[in-house]
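# Results of the structural survey
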Amino acid sequence: MANRARAARLAWRERGLRVGTINVAGLTQLKTALLTDLMRRLCLDIMGVTETWEGRCQPDHVPGYTFVGRPRRGGQGGGVGFYISQALAPLTTLHTSPSLPEALWLEVAGARPAFVGLVYLPPASVASAQAADATMAALQTDIAAFQSRGRVVVMGDFNSRIGRAAAPAAHVGAWGVDERPDAAGSALTRLMQATDLYALNGRTPSPSPAHHAPEYTRPSLKRRPDRAIAEDIAVMDYMLAPREWALGGRDAPACRLMVESSRRVDGADHLLLHTLLPHACAPRRAPARCAGPSRPRVEKLTTPTADRKAHEDAYQEAIKQRLGAYEDSVAGLLSQVESGALTPLQA
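The structure displayed is predicted, hence computed values, not measured ones. (Residues numbered from 1 in each chain as written. Predicted model: local features only at pLDDT ≥ 70, side-chain atom pairs only at ≥ 80, totals over all residues. Heavy atoms only, no water.)

## What to know about the overall build of the protein chain
- When helices and strands are counted, the protein chain shows six helices and 12 strands.
- Partitioning the contacts of the protein chain with sequence separation of at least 6, the portion at a separation of at least 24 is 68%.
- Of the accessible surface of the protein chain, which amounts to about 19600 Å², a share of 53% is contributed by carbon and sulfur atoms. (Helix = DSSP H or I, 4+ residues; strand = E, 2+ residues; numbered from the N terminus. Contact = heavy atoms within 4.5 Å. Areas by Shrake-Rupley, 256 points an atom, 1.4 Å probe, with all protein chains shown as cover.)

Have a look at this one:
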């Protein structure tokens, strides 16, 4: 098991960190089984799940993963949680925000830590405009705090439509499904501009003008027995990443967002989206141990017993040579004084 974990850590240095998210609308046993199959097929290191309904549904154990969740307080539905690869779990630290009851942050160790945030924002019909503004302000505060320590990626169900951008390098993708943003989408766009985060959604052009972009995350808001209404597809789940990861740079290409439209979780009206983050994980350095509160531990440098005698002999010989050089120098000075070549003051 230890060798497998070590091999996984070495692999992260080469391939990066694969993360995903989905709104499951209740983490039932059936959905957990389907989700487990997707996680294994995609080799996900971190899986963010929104609307776990943890008060009503009890998340099942998934072999190879550790689940950490945060249920909604004082109500049914909602809730967020992470499935973390057990090989990655020792390199992570969980953070919670007191001002965001349905948000979790996962810190992943590295030369520069990465902070993966998972957020669920209720629809505008549920949350008031004042509550939505307060949530955005709290989220911006958390993002800014973590950005001072490392790179930040935020994902989840934002229940927002951010529309399209006129330029590919904007904070919003140029090939989004929705033409215009709604009020929640405009607030999310302002958040991205304030924190300099970029949506990975809408960065891939459509195959044809008549074909919708493959990055929608909710297939349809209404269903009919014969077909799903194509006009009702929407993007409500997002991944927000730093500029160098969203648009690419000298060291790494841009992250490409993938949506599993052909592999769905039955009973969930959202699709799973995932990407590969160019983050090289590194184990944390263990803090120095202390023998007591005011007595730091001191370790002596030792030499193997077989070579100790040779080291001691070489050390003594070096001392003899240095002393011999000093004796020769002093003797030379004394002889010059005795011969009158130097006076004691000059010497």
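## Remarks on the packing of aromatic side chains
- A full pass over the atoms with the stated rule returns four aromatic pairs.
- For the ring pair Phe67 and Tyr83, a centre distance of 4.9 Å and an interplane angle of 55° mean the geometry is tilted. In this pair, Phe67 sits in strand β3 (residues 65-70) while Tyr83 sits in strand β4 (residues 80-85), placing the two residues 16 residues apart along the sequence.
- The interplanar angle of 65° and the centroid separation of 6.1 Å between the aromatic rings of Phe158 and Tyr238 together place this pair among those described as edge-to-face. (Phe/Tyr/Trp six-rings, centres within 6.5 Å; stacked < 30°, edge-to-face > 60°.)

## Some words on the pairing of strand β1 (residues 17-23)
- Burial analysis of β1 places seven of its seven residues in the buried class, which makes it a mostly covered element.
- Both faces of β1 are covered, namely the face carrying Leu17, Val19, Thr21 and Asn23 and the face carrying Arg18, Gly20 and Ile22.
- In this sheet, strand β12 (residues 273-277) lies alongside β1 in antiparallel orientation, the contact comprising five bridges. Pairing of Val19 across the sheet is with Thr275, part of β12.
- Across five bridges, the pairing between β1 and strand β2 (residues 46-50) is parallel. Directly across from Asn23, in β2, lies its bridge partner Thr50.
- Handedness of the crossover joining β1 and β2 through helix α2 (residues 29-42) is recorded here as right-handed. (Buried < 20%, exposed > 50% of the residue type's maximum accessible area, 1.4 Å probe, protein only. Pairing = 2+ DSSP bridges. Right-handed = clockwise from strand over helix to strand, strands pointing away.)

## Side note on the sheet that holds strand β8 (residues 151-157)
- Sheet architecture is open: six strands sit in the order β5-β6-β7-β8-β10-β9, paired in mixed fashion. Two strands bound the open sheet, and with one partner strand each, they are β5 (92-96) and β9 (197-199). Across this sheet, the average inter-strand angle for adjacent strands is 20°, counted without regard to direction.
- In this sheet, strand β7 (residues 114-120) lies alongside strand β6 (residues 103-108) in antiparallel orientation, the contact comprising six bridges. Across the sheet, the residue bridging to Glu107 is Phe115, located in β7.
- Sheet strands touched by helix α4 (residues 183-195): β9 and β10 (237-242). Its angle to β9, the strand with the most contacts, is close to 140°. (Axes fitted to C-alpha atoms, helices over the stretch in contact; angles between N-to-C directions.)

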